[in-house]
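# Observations on the model geometry
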Amino acid sequence: MVLESLAVGGAAVVSGVAGFFIAKKMEAANYEIHVAQARAKAKAIEHEAELILSSSNIKVKEAELEAKRKYEDRTITLKKRTLRKKCLTLRKKSVVIKMNSKKITKEREDLQLLQANANSLFEEGNQLKEEYNVKVNEALVVLERSSGLTQNEAKEIVLAKVEEQSRAEIAHTVRRLEEEAKQDIKRRVNYILAQATTRFAGEFAAERLINVVNIKDDELKGRIIGKEGRNIKTLEMLLGVDIIIDDTPNAIILSSFNLYRRAIATKVIELLVQDGRIQPARIEGIYEKVKDEFDQSLTEEGENIVIDLGLTKVHPELVKLIGRLKFRASYGQNALGHSLEVAHLAGIIAAETGGDVLLARRAGILHDIGKALTHETAGSHVDLGAEICRRYKEHDVVINAIFAHHGHEEPTSVESAAVCAADTLSAARPGARREVLESFLKRVQDIEDIAKSKPGIKQVYAINAGREIRVIANAKLINDDEAVLLAKEIAQEIESKVQYPGEIKVNVIREIRAIDFAR
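Heads up: these notes are all about the structure in this document.

## A closer look at unusual backbone geometry
Negative phi values dominate among residues other than glycine, just as trans dominates among peptide bonds. One non-glycine residue, K313, lies in positive phi territory at about 55 degrees. Relative accessible area serves as the criterion here: at 82%, K313 is assigned to the exposed category. Notably, K393 is not glycine yet its phi reads approximately 60 degrees, a positive angle. Tracing the sequence through the fold places K393 in the loop between α10 (381-391) and α11 (396-404). Assessed through its relative accessible area of 73%, K393 is described here as exposed.

Okay, structure coming up:
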């Protein structure tokens, strides 16, 4: 029994061990199957990823090709546009060259024709001279035969008669030729001067002396002129500029040597054109408004400059005058730009030489401050600048720099000397100044100053490029007869004190205004 039990137990153990190993083998087989399936799925995913990547690469290449094609199309379009512009420019230049060539050819033909006429006249003169000699000799022979005179005696008689008869004719001919020569020379000189001034004005003077106001409709020109010229007279009297309304399409030209007046006039007319209501009362209202706005903007301009330079405790009146320098020019150089250059240069020089940088800048920005006053007050800008700076308690160095930069005093400090050096550097650099424009502006200013010096004068405006002066007299102080005498006095003083080409027209205007209010 025991053996039987042992046998049964052994068989059970053996069968259990065998089952365990069989289960392990089956489990291993299943694991290998799962691994193989996972590998197959991984390969399928990898293959799909490769397909997607290949597709995306194709799309990227297609996008790159499309971008490249658009870039090339855009480049070709731009090149075509540039070529069209160049072709248009070349056509315009070609037209100008052809016109100049035709003009030169015409002038050459005219010159050849004149030369041919001169040669013909010269030959005709020689022939007449030969015929004259033949006739004289024939007359001498006849006289010698008929009167028994010798040839020399007859020659003297004939020549005396010819000289006596021809004297008046010769004198008339000489006078006529002299007058023709004078007229021809005058025309030639006027042509040369016109050519020179036209070419020069197109480049520089027009930019400095005129503004152009663009208008949408030429009908506005008639409204600006007004009934019997009422509006344009009011505009010219208030603004102090010459208003030119001609055939130029959609444009009104304002001419004045005074930059400040011209800027205000431009703004006033632009506002009138926009508003559409153009009549004397409206003109005066807009003028006062624009003038106030300009004064405010000039103050802001001066304040910004003072802050930029790092200056403190500058009197408000001086700040305003600094802003007004924007509308002044000296030898064609803007006074504010020149003063800023001097301030910065003086500060650098003072820093290099051990001086006070801020004081040097202060003296530099104020050294020409008197130029902001010369339009309203008689006197040199040096004296006016020193006086206004003394009035507002400016530093002694500033006063000395004002006098020293024109040689009225010797510099007494490093800062004053720096301002003098900076002033020379700013004014003497190439292209900084134009002597021709400054001499013209000085002449116009002198003309205005002469009229302002007369008693009873309210306003004075030089217009028409300095060829006319408009003097507004106080009607309560000057009557009609005195206005005539005043015009003569101003004209005589201008003749004696000012050098100018041509003539200057003096207009003295009396005006009485009666103002009341309906309440």
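Read on for the rest.
## A look at the nonpolar core
One finds L321, I322, I365, I369, I388 and C389 to be the most contacted residues of the largest nonpolar core, which totals 36 residues. When residues of this core are traced back to their parent elements, those giving at least two are α6 (280-309), α7 (316-324), α8 (335-352), α9 (357-366), α10, α11 and α12 (414-428). At 6 residues, α8 tops the list of elements feeding residues into this core. Leave out the neighbours within four places in its chain, and I369 touches L318, L321, I322, L325, G385, I388 and C389. Counting residues in hydrophobic clusters, the runner-up holds 28 residues, among them L239, A263, L272 and V273.

## Some thoughts on the sheet that holds strand β8 (residues 505-511)
Strand order in the open sheet formed by 3 strands is β6-β7-β8, and the pairing between neighbours is mixed. The open sheet has two edge strands, β6 (457-463) and β8, and neither has a second partner. With strand direction ignored, the average angle separating the axes of adjacent strands in the sheet is 20 degrees. Sheet topology places strand β7 (residues 468-474) next to β8; 7 bridges connect them, and they run parallel. The residue bridging A473 from the neighbouring strand is R510, located in β8.

## Observations concerning the sheet that holds strand β3 (residues 251-255)
Strand order in the open sheet made by the 3 strands is β1-β3-β2, with antiparallel pairing throughout. The open sheet is flanked by β1 (210-214) and β2 (242-244), the only strands paired with a single partner. In this sheet, adjacent strand axes meet at a mean angle of 25 degrees when their direction is disregarded. Sheet analysis places β2 next to β3, joined by 3 bridges and oriented antiparallel. Bridge pairing in β3 places D242 opposite S255. Seen against the sheet, helix α5 (residues 259-275) touches β1, β2 and β3 and runs at an angle of roughly 10 degrees to β1.

## Looking at the side chain of E448
With respect to the helices and strands, E448 occurs in helix α13 (residues 435-452). When its relative accessible area of 0% is taken as the criterion, E448 is described as buried. Separated by 2.9 Å, the side chain of E448 and the backbone nitrogen of A462 make a polar contact. Sequence-distant contacts of E448, defined by excluding residues within four places in its chain, comprise F257, R261, V460, Y461, A462 and I469.

## Focus: the packing of α10 against α11
For the pair α10 and α11, interaxial distance at closest approach is 9 Å and the crossing angle is 175 degrees. Classed by the angle they form, the pair α10 and α11 counts as roughly antiparallel. Counting all contacts with α10, which are made through V382, D383, G385, A386, C389 and R390, the residues of α11 involved are V398, I399, I402 and F403.

## Re helix α14 (residues 480-497)
Its 18 residues give α14 an end-to-end C-alpha distance of 26 Å, which sits within 8% of 26 Å, the value for a rise of 1.5 Å per residue. Of the residues flanking the start of α14, the one acting as N-cap is N479, its side-chain oxygen 2.7 Å from the backbone nitrogen of E482.

## Overview of the side chain of H381
Locating H381 in the fold gives a position in helix α10. Using a relative accessible area of 14% as the deciding quantity, one classes H381 as buried. A polar contact of 3.2 Å, which involves the side chain of H381, links it to the side chain of D368. Filtering out sequence-adjacent residues up to four positions away, H381 remains in contact with D368, G370, K371, T374, H405 and H406.

## A closer look at α10
Every buried residue of α10 is listed here: H381, V382, L384, G385, A386, I388 and C389. Where the residues of α10 are buried, they touch α7 and α11.

About the thresholds
Residues numbered from 1 in each chain as written. Predicted model: local features only at pLDDT ≥ 70, side-chain atom pairs only at ≥ 80, totals over all residues. Heavy atoms only, no water. Buried < 20%, exposed > 50% of the residue type's maximum accessible area, 1.4 Å probe, protein only. Helix = DSSP H or I, 4+ residues; strand = E, 2+ residues; numbered from the N terminus. Core = buried A, V, L, I, M, F, W, Y, C linked by side-chain atoms within 4.5 Å. Contact = heavy atoms within 4.5 Å. Pairing = 2+ DSSP bridges. Axes fitted to C-alpha atoms, helices over the stretch in contact; angles between N-to-C directions. Polar contact = N/O pair within 3.5 Å; in protein donor to acceptor, adjacent residues only side chain to side chain. Parallel < 35°, antiparallel > 145°, perpendicular 65-115°, else oblique. Expected span 1.5 Å × (residues − 1).

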